[in-house]
Structure formats: structure tokens, C-alpha cells
Amino acid sequence: SCPIATECGGCARITEPYVEQLAWKTERVRAALARHEALAGVGVESCLAAPEPWRYRNRAKLAIAGSGDDVRIGLYQRGTNRIVDLAPCMVQRPVLQRGLEHVRRWLAVHGLAVPAGPVFYVDLREMSGGRFHATFVIARNDARAARVPYDDLLAACTELGGIAVNFGDPASSYPMGETTHVVSGGDTFDAPLSDGGAERA
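Residues numbered from 1 in each chain as written. Predicted model: local features only at pLDDT ≥ 70, side-chain atom pairs only at ≥ 80, totals over all residues. Heavy atoms only, no water.

1. What to know about the environment of valine 137
Here's step 1: Structurally, valine 137 can be placed in strand 5 (residues 131–139).
Here's step 2: For valine 137, a relative accessible area of 0% translates into the label buried.
Here's step 3: In the structure, valine 137 is positioned 35 residues away from histidine 102 in sequence and 17 Å away in space, judged by C-alpha atoms.
Here's step 4: With near-sequence residues (within four places) excluded, valine 137 lies in contact with Pro118, Val119, Phe120, Tyr121, Asn166, Gly168, Pro175 and Met176. (Helix = DSSP H or I, 4+ residues; strand = E, 2+ residues; numbered from the N terminus. Buried < 20%, exposed > 50% of the residue type's maximum accessible area, 1.4 Å probe, protein only. Contact = heavy atoms within 4.5 Å.)

What follows is the structure, encoded as C-alpha cells:
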């Protein structure tokens, strides 16, 4: 069971038994096809169970806020602007959970989280080889962007394979902007797939 399921809202059906989640997904597909006359007769088999229903999510796009040692990284509670911290997330890949804690300490030590600092959002992605990539989002035209000590985070976290900075809008429902600069690592990286393969990100 997930200790923050009722307030987080990131996994809408996580409190239901897994077999019920699979049945719900199957019915969603059937209903979607039935809305189209040409597809109405297409048969839909039962949704396949994942080999591991926990620790599967290899990307996390999370809001950031706080001050001092109280840095919250997580999702907004539905209908509010309160960040539910994802420290105990049950579905994120372990490397992302470890990465999140490194990022939290770095933000706290340097006072980088909004409102005192410039960082208001982060996009963490698992990379092939057991590492992760972090894209930090800073408001456009924030002069503090040039003073963010990314080297300190790279030195403290050996699992961090790359860093980018994105300039976005903290007032937007999709805060990431169109401009991203690579700080460390390349423009692209390989991300693992569930079948053991990799995709280019």
C-alpha cells in the first residue's frame, strides 16, 4: 500500500487491487474503440499484468518549493497548490528515488528552491546503465540562473549522468518552456525500456 495515495493523486487507482486495475484498463480500451464505428467490432483481450507492478516509472516531473531543510519535491495535491512530497513514492524507479534525495539535499544546502531560490520544477529521467538525468526548470529571465552550482550536485551524486536547465513559466500548468541548455552530458541519452531495450531521449 502507498502511504501517500489519498493525498498525492499521482496514481488514481493505486488503492484498488491490481486485478481490478487491469480490468478497468481493459474496459477503457474497449470503450475507446467502441466510439469509432470502424473499430467497434475489434476484439480486446484482457490487459496483461506487468511483471512488477511497483517501481516501474522511469520519469518524474515534479514541482519544487521550500526553504532551509524543508524542501518539498512532488506533485500538487488535486485542486490545491500544495506540494505532496514524493519521498516515499512506491512507483518510481529506485534510481529516481535516490536521485530525488540527492537533489533535495543539494537544493536545501544552497537555498535553490523557490521562493528563495530560482528552481521551481525538475524533470528526472532514468538513463541506461543505472544512472539518471535531471532537467531543472527556472523562470525565464531569472538572473539567479547563472549562479546555480551544478558542479556540486555532479560531485555529490555518482548516479547523475547529465544535467540540463530549462527556462519556463512557474504560473503555467505546463511549466517547462521551449528553451533548454545542456549543462553536463550530451544532448541525448539512452533510456531503458521495460523489455530490456533502450530508447533515445
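2. Some words on the nonpolar core
Here's step 1: Within the largest apolar cluster, 40 residues are counted, with the highest numbers of intra-cluster contacts made by Ile73, Leu107 and Phe136.
Here's step 2: At the level of secondary structure, the elements contributing two or more residues to this core comprise helix 1 (5–8), strand 1 (59–67), strand 2 (70–76), helix 3 (94–110), strand 4 (119–127), strand 5, helix 4 (150–156) and strand 6 (160–168).
Here's step 3: When residues in this core are grouped by element, the largest group, 7 residues, is from helix 3.
Here's step 4: Ala65, Ile83, Val137 and Ala139 belong to the second largest nonpolar core, which has 8 residues in total. (Core = buried A, V, L, I, M, F, W, Y, C linked by side-chain atoms within 4.5 Å.)

3. Observations concerning the sheet that holds strand 1
Here's step 1: On the basis of which strands lie adjacent, the open sheet formed by 7 strands has the order 3-2-1-4-5-6-7 and mixed pairing. The open sheet has two free edges, formed respectively by strand 3 (83–85) and strand 7 (179–184), since each of these has just one partner strand. Averaged over neighbouring strand pairs, the angle between their axes works out to 35 degrees when direction is ignored.
Here's step 2: With 8 bridges connecting them, strand 4 and strand 5 associate as antiparallel partners. Considered in strand 5, the bridge of leucine 124 is made with alanine 134. (Pairing = 2+ DSSP bridges. Axes fitted to C-alpha atoms, helices over the stretch in contact; angles between N-to-C directions.)

4. Considering helix 2 (residues 18–34)
Here's step 1: Between the first and last C-alpha of helix 2 there are 25 Å, a value that for 17 residues agrees with the 24 Å anticipated at 1.5 Å per step.
Here's step 2: If you check which residues of helix 2 are buried, you get Gln21, Leu22 and Thr26. Buried residues of helix 2, viewed axially, fall in a sector of 140 degrees; they line one side. (Expected span 1.5 Å × (residues − 1). Arc of directions from axis to C-beta.)

5. A look at the environment of leucine 153
Here's step 1: Along the chain, the position of leucine 153 falls in helix 4.
Here's step 2: As a C-alpha pair, leucine 153 and alanine 5 span 148 residues in sequence and 30 Å in three-dimensional space.
Here's step 3: Not counting chain neighbours up to four residues away, the residues in contact with leucine 153 comprise His102, Val103, Trp106, Phe136, Leu160 and Ile163.

The analysis is restricted to geometry; functional conclusions fall outside its scope.
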